[in-house]
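The residues making up each chain are set out below.
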Amino acid sequence: MKYGLYIDYDWCSGCHACELACKQENDLKLDQWGIRVIERTYQAEDKRVIEYIPIPTEYCNLCVNRIAQGMKPACVHHCMTKCMDFGPIEELSKLVEKKKKSVIWGSNK
Ligand code: SF4
Ligand code: SF4
């Protein structure tokens, strides 16, 4: 079964807690990030939109050690708005079907 991270970026506040939690969990160096929160702005009809989109990187190992101990990934656990989740991609895809601004990030690690 393939697992992944579900990210509902409609609710991401851009707080960066996931970045720091990942860095601490994986003991990453200053310039290494397991996940990065990207900010993008654009004009949509009559309003200016600001979105924060967390994107896992090559350093993401889906927190294999935590999962083996029955815990959620560090980023999911520390997310302030609970806009992230972890699970089988098949189950996460059901969440994506209901949300317009959400993605699944999968890894073959
Ligand atoms: S799942 Fe773990 S390794 Fe991957 S981004 Fe989240 S905290 Fe980092
Ligand atoms: S911790 Fe959650 S709300 Fe904060 S930046 Fe990361 S995904 Fe967004």
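Quick note: structure is the one above.
Reading guide: rules and limits
- Within any chain, residue numbers begin from 1 and follow the written order of that chain's sequence.
- Whichever chain is written first is A, and whichever ligand is written first is 1; the rest continue in order.
- pLDDT decides what is reported in this predicted model: residues at 70 or higher carry local features, side-chain atom pairs at 80 or more are listed and counted, and totals for whole chains, interfaces and linings draw on all residues regardless.
- Side-chain measures here rest on the full set of heavy atoms in the structure, leaving out hydrogens and waters.
- Residues are counted as near a molecule or strand when any one of their heavy atoms sits within 4 Å of it.
- Three classes are used: nonpolar for Ala, Val, Leu, Ile, Met, Phe, Trp, Tyr, Cys and Pro, charged for Asp, Glu, Lys and Arg, and polar for all others, with Gly counted as polar.
- A run of H or I in DSSP counts as a helix once it spans at least four residues, and a run of E counts as a strand once it spans at least two, with each numbered from the N terminus.
- Throughout, a contact is declared for two residues whenever any of their heavy atoms are within 4.5 Å.
- Accessible area is worked out with a 1.4 Å probe on protein chains only. A residue is then buried under 20% of its type maximum, exposed over 50%, and partly exposed in between.
- Pairing between two strands requires that DSSP report at least two bridges joining them.
- To get an axis, fit a line to the C-alpha atoms, keeping to the stretch in contact for a helix; angles then go from 0 to 180 degrees between the N-to-C directions.
- What counts as a ring pair is set by centres within 6.5 Å for rings of Phe, Tyr and Trp (its six-membered ring), and what kind of pair is set by the plane angle: stacked under 30 degrees, edge-to-face over 60, tilted for all other angles.
- Throughout this description, the term charge over a ring refers to an Arg CZ or Lys NZ atom that lies within 6 Å of the ring centre and within 35 degrees of the ring normal.

(A) The arrangement of the site of ligand 1 in detail. Residues in close proximity to ligand 1 include L5, C22, N26, G34, I35, C60, N61, L62, C63, P73, A74 and C75, which together make up its full environment. Class assignment for the residues of the shell around ligand 1 results in nine nonpolar, three polar and no charged.

(B) Layout of the side chain of S102. Structurally, S102 can be placed in strand β5 (residues 102-106). S102 has contacts with Y6, I7, D8, Y9 and V96, leaving out every residue within four places of it along the chain.

(C) Main features of the pairing of strand β1 (residues 3-8). Counted residue by residue, β1 has five buried out of six residues, so it is predominantly covered. Two elements, β1 and β5, share five bridges in a ladder whose sense is antiparallel. Of the residues in β5, the one forming a bridge with Y6 is I104.

(D) Focus on the environment of L62. Topologically, L62 is positioned in the loop between β3 (47-56) and α2 (64-68). C-alpha separation for the pair L62 and G34, spaced 28 residues apart in sequence, amounts to 9.3 Å. Leaving out residues up to four positions away in the same chain, L62 has contacts with Y3, G4, L5, I67, P73, F86, W105 and S107.

(E) The arrangement of the sheet that holds strand β4 (residues 84-88) in detail. Strand order in the open sheet formed by three strands is β4-β1-β5, and the pairing between neighbours is antiparallel. A single partner strand is all that each edge strand has here, and the edge strands are β4 and β5. Along the sheet, successive strands turn relative to each other by an average axial angle of 25°, direction set aside.

(F) Region of the structure containing the site of ligand 2. Around ligand 2 there are 14 residues in total, and C12, C15, H16, C18 and C79 lie nearest to it. Tallied by class, residues from the shell around ligand 2 come to 10 nonpolar, four polar and no charged.

(G) A look at the packing of aromatic side chains. A complete count under the given rule lists one aromatic pair for this structure. Ring geometry for Y3 and F86: centres 5.6 Å apart, planes at 10°, overall stacked. In this pair, Y3 sits in strand β1 while F86 sits in strand β4, placing the two residues 83 residues apart along the sequence. A residue is classified by how much of its surface remains accessible, and Y3, at 35% relative accessible area, is partly exposed. For K23, the ring lying beneath its charged end belongs to W33, and the centroid distance is 4.0 Å.

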